[in-house]
Amino acid sequence: MNRNILNISRIAAVLTLVMVMASCDDYLNIIPDNTPTIDHAFKNRHEAEKYLYGCFSFLPNHADPTSNPALFGGDEVWYIDPANIVSPVLWNIAKGNQGTNSPLADYWASIQDGYNLQGGKALFTALSDCNIFLENIDKPFDLHKSERDWWISEVLFLKAYYHYYLFRMYGPIPLIKENLPISSTTEEVRRFREPVDEVVEYIVELLDQSLENLPEEILDVTSDMGRPTKATALALKAQVLTLAASPLFNGNTDYASVVDKKRRQLFPQEYRPEKWERAAAALKEAINAAHEAGHELFDFSETTFARDLNAPTILAMQVRGAVTERWNKEIIWGESNVNPDALQRVCYPAWNPNHNSGGIGKSYAPTLQVVEQFYSSNGVPIEEDKDWVGVALMGIRTGDGSHKYYIKEGYQTANLHFNREARFYGSVTFDGGTFYGNGRISTDANMWHTPMRGADPGGGVAPTERYSSTGYLCKKLVHYLSSVPDANSSITTYRYAFPIIRLADLYLMYAEALNEVKSSPDAEVYEYVDLVRARTGLKGVVESWQDHSNVPDKPTSKEGMREIIRRERLNELAFEGSRFWDLRRWKLSEEYMNRAIRGLNIRGENPADFYQVKEIYHPTFDTKDYLWPIRLNVLLKNTNLVQNLGWQ
C-alpha cells in the first residue's frame, strides 16, 4: 500500500478525522473525549495509517512565509505593504507588533477554542494525537510488527519535534508525556511549565527511543521521502542540545525572575560548559550517521547541466542548489508537504513589462545589512578585507569581462557587487547581476541580467505594487528550472523539498560546539568550517585571514573564531530561516534587530540616484522578544502557567 505522506487528498481526509477526534480540554487539549471514535480509528491497518498521517499533518510549514516566523520575522528580508502574493501577517513580528491577546504564529493555543492562530498550529493538540496513536497502535489486527515498530518510532520522533518546536519558541513548556484520563479534575488538567533542563532531557529521551526502529535511509524515494531516518533523529537531537548549550538557555540571568507557583526557577541560572561538550558529542554522532547514510555536501558540478557551465557559475550554484535541488544528498530532513511555490514567486524577478502582473511577486527583499554581510572574494568580511580599505561601497563601477559571469558587461552598478564570494552571487539578485535559470540553463551564453532601478521591470516600483523594498531580491530560493515566458507572467515553479536540516548546518554547528569546548581553536575546529567554505571556492579560515584580513590573528582566539563561525552560518544558511533562531539562541537579536533596516533608493532611475542608502524602518527588539508570549486567554484558563518575561 502506498505510504506517501504527501498525498493531499488523504491528508485532507485525515485532518477531518483529527478534528473529530482531537480532545476538547480547555487548557492543553490532552484528554481524549470520544473513545468509540478512537477505537474505530485503530480497527485495522488502513485506519491506523490515516491516523499516522494526521500526526504528520501538524508539522510546521517551513517553506510558507505565512506560517514560518523565521522567514518574515527578522531582519534578513524586508517585505512591502500592501502585498498581494503572500500575506504579510508574520512580517509584523519584525515590525514589533507581537502581542498577548492574539499572538502571531501561535503554536501554543488550540484552534478548537476558536482562536486565530495567526499562521501557527495547535502543537499541544498534535502531542495529544501522538499519545493517542502510541496508546492504540497495538489494536489493528492486520498490522505487521515491523511496520508497527516503524510507525511508533516515527511518532516518537514527531513528539520530540513538536516539543522541541514549542521549546525553541516559548522556553519552558508542559511535557505531554501521556494523555490524562477523562475523569481528570480541572486542577489535574492545569499542567505546569517544566524547567528548561527537564524539557531538554525529555526531548532527548524521546529521540533516543525513536532511533530503535527508524530506517537508516529512505528506500522508497517516490512515496516516503520526508519521513524521518536515524540520521534525522540524531541531527535533531544535536540541534536540541546545541540550543540548550547556547547563551539563551545556558546561564541566562535575564530570566532569574521567572518562577512558577511551585517556586521552581524555570531557567537555569548557572552557565555549564559541559552542555557544550554534550552537544559536540551529539553533533559528531549525527555527522557520522549522516555520512554512513550517504549524505554529503551538494556539488552542482555533478548535475546534468553543469558540464556546459564555467567555474564561476557552478560556484554560485553550489549553495543555491543545496537548497533547491530536490532531495539532494545534503538534505538530512526536508519538507515534503508544502510546495515552496509562493516563496519562489515572491523571490522571482521580472525581465520585461509583461512580467509585472499575475504570478510574479518580486517582493522578498534582502536587507542591505545582509547584502554587506557576505564575504569578499578573499573569503573575509569586506569591512576587514585589506583590499577593500577606502573603497566606497556605493561607488559606481562598470561591469567588465573579468566579472561577466556575475555582472553584465558594460552595466553600471555598485562597487559592493564586485569581488564578492560565490555564495553572494548565488543568493542575491542585484542590479545588473546575472541570473542562471528561467529557461537559460544549458550554457553560460545569454544568461539573464536583472535591472532593478526605478521603472526597470526587474525590481522597480512601476507600474505595479509588487517590488523590492531594498533594491535586492532573493535568488537562492528560486530553482533554476522555474520559469516564466516572455509573453506573460504565468510562472511555472519547480517543486523542491525545502531543507529543514542539511549537512552544512551540522558541520558549522559542530565547529561552533568544538570551539566552545576547547580552550582555543585548533585544526578540528577549522576543518568543519573549511569544508563548507571550500564548496564555494574559498580558502581555509586561517589562510584567508592571514593573507587578506586586517585582523590576521582573529581565527586563533576562541572569541575571534566564535565570531567567524557565526558569520559563516549567517552566510551559508542565509534565507533558510536559520538566522532568525541563531540570533535568538546567541542572544544577539537585541543587537541586530535594533539597527535600522537599510536598502537602496528604489525609485532612483540612474546609478547616482539608485545607489543612495535609505533607512526603511527602525525595528525595536527587547529582552521579552526572545521568547513568544503565551496567549492571555490560555493563562486565564490555566492559572498554573506563568507568562514569559516581559509579556505580563
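The numbers attached to residues start from 1 for each chain and follow its sequence in the written order. A pLDDT threshold of at least 70 governs which residues receive local features in this predicted model, and a stricter bar of 80 or more applies before side-chain atom pairs are shown or counted, although totals over entire chains, interfaces and linings include all residues. Just so you know, side-chain values use all the structure's heavy atoms and leave hydrogens and water out.

Student: An account of the overall build of the protein is requested, with residue identities and associated values reported.
Tutor: Runs of H or I in DSSP of at least four residues are treated as helices and runs of E of at least two as strands, each being numbered from the N terminus. Scanning the protein from N- to C-terminus turns up 23 helices and twelve strands. Our radius of gyration is a C-alpha quantity, and the globule rule it is checked against amounts to 2.2 Å times the number of residues to the power 0.38. Relative to its length of 648 residues, the protein is compact, with a C-alpha radius of gyration of 25 Å against a globular reference of 26 Å. With respect to the three principal axes, the spread of C-alpha positions in the protein is 75 × 55 × 45 Å. For every residue, the accessible area obtained with a 1.4 Å probe (protein chains only) is divided by the maximum for its type, and the residue is called buried under 20%, exposed over 50%, and partly exposed between those limits. Here the protein holds 648 residues, and the buried ones make up 65% of them. Contacts are assigned to residue pairs that have any heavy atoms within 4.5 Å of one another. Of the contacts formed within the protein by residues at least 6 apart in sequence, a portion of 69% connects residues at least 24 apart. For every accessible area listed, the method is Shrake-Rupley and the probe measures 1.4 Å; residues are considered covered only by the protein chains on display. Here the protein has roughly 22,400 Å² of accessible surface; of this, 49% comes from carbon and sulfur atoms. Lys and Arg are tallied as positive, Asp and Glu as negative. Neither His nor the chain termini are counted. Charged side chains are reduced to one point each, which is NZ for Lys, CZ for Arg, CG for Asp and CD for Glu. Between the centroid of the 67 positive side chains of the protein and the centroid of its 84 negative side chains there is a distance of 3 Å.

Student: If you had to explain the pattern of salt bridges to someone new, which residues and values would you point to?
Tutor: The term salt bridge refers to a side-chain nitrogen of Lys or Arg lying within 4 Å of a carboxyl oxygen of Asp or Glu. The tally for this structure, following the rule as stated, stands at 46 salt bridges. A salt bridge links Glu187 to Arg190, with the nearest nitrogen and oxygen atoms 3.5 Å apart. For the salt bridge of Glu384 with Lys554, the shortest nitrogen-to-oxygen distance reads 2.5 Å. Placement of the pair is Glu384 in the loop between helix H14 (368–373) and strand E4 (396–398) and Lys554 in the loop between helix H18 (541–548) and helix H19 (558–572), with a sequence separation of 170 residues.

Student: Can you tell me about the pairing of strand E10 (residues 498–502), naming the residues and giving the values?
Tutor: Taken across its five residues, E10 has five buried, putting it largely inside the fold. Two strands make a pair as long as DSSP finds a minimum of two bridges between them. Where strand E2 (residues 331–335) lies against E10, four bridges are found, and the strand directions are antiparallel. Each residue of the ladder has a partner; that of Glu335, found in E10, is Phe498.

Student: Residue-level account of helix H16 (residues 503–517), with values.
Tutor: Its 15 residues give H16 an end-to-end C-alpha distance of 21 Å, which sits within 8% of 21 Å, the value for a rise of 1.5 Å per residue. Of all 15 residues in H16, 14 are buried; the element is thus mostly enclosed. The span you would expect from a helix comes to 1.5 Å times its residue count less one.

Student: Break down the nonpolar core for me, citing the residues and quoting the values.
Tutor: The biggest cluster of nonpolar side chains holds 180 residues, and the ones touching the most others in it are Tyr161, Tyr162, Tyr364 and Leu477. If you tally residues by element for this core, the top one is helix H7 (residues 145–170), at 15 residues. Once residues lying within four places of it in the same chain are set aside, the contact partners of Tyr364 are Leu71, Phe72, Val77, Leu343, Val346, Cys347, Tyr472, Leu473, Cys474 and Leu477. Ala306, Leu309, Ile314 and Tyr436 belong to the second largest nonpolar core, which has eleven residues in total. Side-chain atoms within 4.5 Å link the members of a nonpolar core, which is a set of buried Ala, Val, Leu, Ile, Met, Phe, Trp, Tyr and Cys residues.

Student: I'd like a description of the side chain of Glu47, backed by residues and values.
Tutor: With respect to the helices and strands, Glu47 occurs in helix H3 (residues 45–56). The residues contacting Glu47, other than those within four sequence positions of it, are His40 and Ala41.

Student: Any details on empty space enclosed by the protein? Residues and values, ideally.
Tutor: Computed over the protein atoms alone on a 1 Å grid, cavities are sets of points where a 1.4 Å probe fits but cannot get out and pockets are open sets with protein on both sides within 12 Å along at least five of seven lines; a residue lines them when it has an atom within 4 Å of a point. Grid points are joined across faces, edges and corners, and a volume is the space filled by probe spheres set on the points. The full count for this structure, using the stated rule, is four cavities of 30 Å³ or more. In this structure, the largest cavity occupies an estimated 420 Å³ of space. Every residue lining the largest cavity is counted, 25 residues in all, and those nearest its centre are Arg168, Gln239, Ile500, Ser578 and Trp581. Put simply, the parts of the chain that give the lining of the largest cavity at least two residues each are H7, helix H10 (230–245), E10, H16 and helix H20 (578–585). No other element matches E10, which puts five residues into the lining of the largest cavity. For this classification, Asp, Glu, Lys and Arg are treated as charged, while Ala, Val, Leu, Ile, Met, Phe, Trp, Tyr, Cys and Pro are nonpolar and the rest, including Gly, are polar. Each residue belonging to the lining of the largest cavity can be placed in one class, and the counts come to twelve nonpolar, six polar and seven charged.

Student: Account for the packing of aromatic side chains, with residues named and values stated.
Tutor: Under the pairing criterion, centres of Phe, Tyr and Trp rings, with the six-membered ring standing for Trp, must be within 6.5 Å; the plane angle then separates stacked pairs below 30 degrees from edge-to-face pairs above 60, leaving the rest tilted. Inspection of every chain in the model, using the stated rule, returns 39 aromatic pairs. An angle of 50 degrees between the planes, with centres 6.0 Å apart, marks the rings of Tyr161 and Tyr164 as tilted. Of this pair, Tyr161 and Tyr164 are both found in helix H7, three residues apart, which corresponds to roughly one turn of the helix. Residue class for Tyr161 comes out buried when judged on its relative accessible area of 3%.

Student: Explain the confidence of the model for the protein to me, and be specific about the residues and the numbers.
Tutor: The quantity known as pLDDT measures the predictor's confidence residue by residue, on a range of 0 to 100. A residue-level look at the protein finds 93% of positions with pLDDT of 70 or above and a mean pLDDT of 92. Scored below 50 in pLDDT, residues 1–27 shows 70 contacts in the model against residues more than four places distant or in partner chains.

Student: Could you give an account of the environment of Met447, with specific residues and numbers?
Tutor: Structurally, Met447 is set in the loop between strand E7 (433–435) and strand E8 (448–450). Ignoring any residue separated from it by four or fewer positions in sequence, one finds Met447 in contact with Thr313, Tyr405, Thr434, Phe435, Tyr436 and Arg440.

Student: Just give me the short version of the environment of Val525, but keep the residues and values in it.
Tutor: On the secondary structure map, Val525 appears in helix H17 (residues 523–535). Note: C-alpha distance between Val525 and Ala513 (twelve residues apart in sequence) is 8.8 Å. Sequence-distant contacts of Val525, that is, excluding residues within four places in its chain, are made with Ala511, Leu514, Asn515, Lys518, Met561 and Ile565.

Student: Kindly report on the packing of H17 against H18, identifying the contributing residues and their values.
Tutor: The axes used here are C-alpha line fits, helices contributing only the stretch in contact, and every angle between their N-to-C directions lies in the interval 0 to 180 degrees. Put simply, H17 and H18 touch, their axes get as near as 9 Å, and they point 80 degrees apart. Accordingly, the angle class assigned to the pair H17 and H18 is roughly perpendicular. In this structure, H17 uses Tyr526, Val529, Asp530 and Arg533 to contact H18, whose residues at the interface are Val541, Val542, Ser544 and Trp545. A per-class count over the contact of H17 with H18 returns five nonpolar, one polar and two charged. Any angle that is under 35 degrees is reported as roughly parallel, and any over 145 degrees as roughly antiparallel; angles of 65 to 115 degrees are reported as roughly perpendicular and all others as oblique.

Student: Tell me about H19, residues and numbers included.
Tutor: Given a rise of 1.5 Å per residue, 15 residues ought to cover 21 Å, and the 21 Å separating the end C-alpha atoms of H19 matches this to within 8%. Most of H19 sits inside the fold, with twelve of its 15 residues counted as buried. Every buried residue of H19 is accounted for by Lys558, Gly560, Met561, Ile564, Ile565, Arg566, Arg567, Glu568, Arg569, Leu570, Asn571 and Glu572.

Student: Tell me about the packing of H16 against H17, residues and numbers included.
Tutor: Their axes nearest at 8 Å, the elements H16 and H17 cross at an angle of 155 degrees. On the basis of the axis angle, H16 is roughly antiparallel to H17. Crossing geometry of H16 relative to H17 is assigned as left-handed. Residues Ala504, Tyr507, Leu508, Tyr510, Ala511, Leu514 and Asn515 of H16 touch H17, and the partners they reach there are Glu524, Val525, Tyr528, Val529, Leu531, Val532 and Arg535. Crossing handedness follows the turn of the near helix against the far one: under a right angle anticlockwise gives a left-handed crossing, and clockwise gives a right-handed one.

Student: An account of unusual backbone geometry is needed here, citing residue identities and associated values.
Tutor: For Phe575, which is not a glycine, the phi torsion comes out positive at approximately 70 degrees. Of note, the phi angle at Lys587 is positive, near 60 degrees, even though the residue is not glycine.

Student: Would you mind going over the environment of Phe610 in detail, with residue names and values included?
Tutor: When you line up the elements, Phe610 lands in helix H22 (residues 607–610). Of the residues examined, Phe610 reaches a relative accessible area of 0% and is grouped as buried. In sequence terms Phe610 and Ser210 are 400 residues apart; their C-alpha atoms lie 55 Å from each other. With residues near it in sequence (within four places) discarded, Phe610 still touches Asp431, Met452, Arg453, Gly471, Leu600, Asn601, Ile602 and Gly604.

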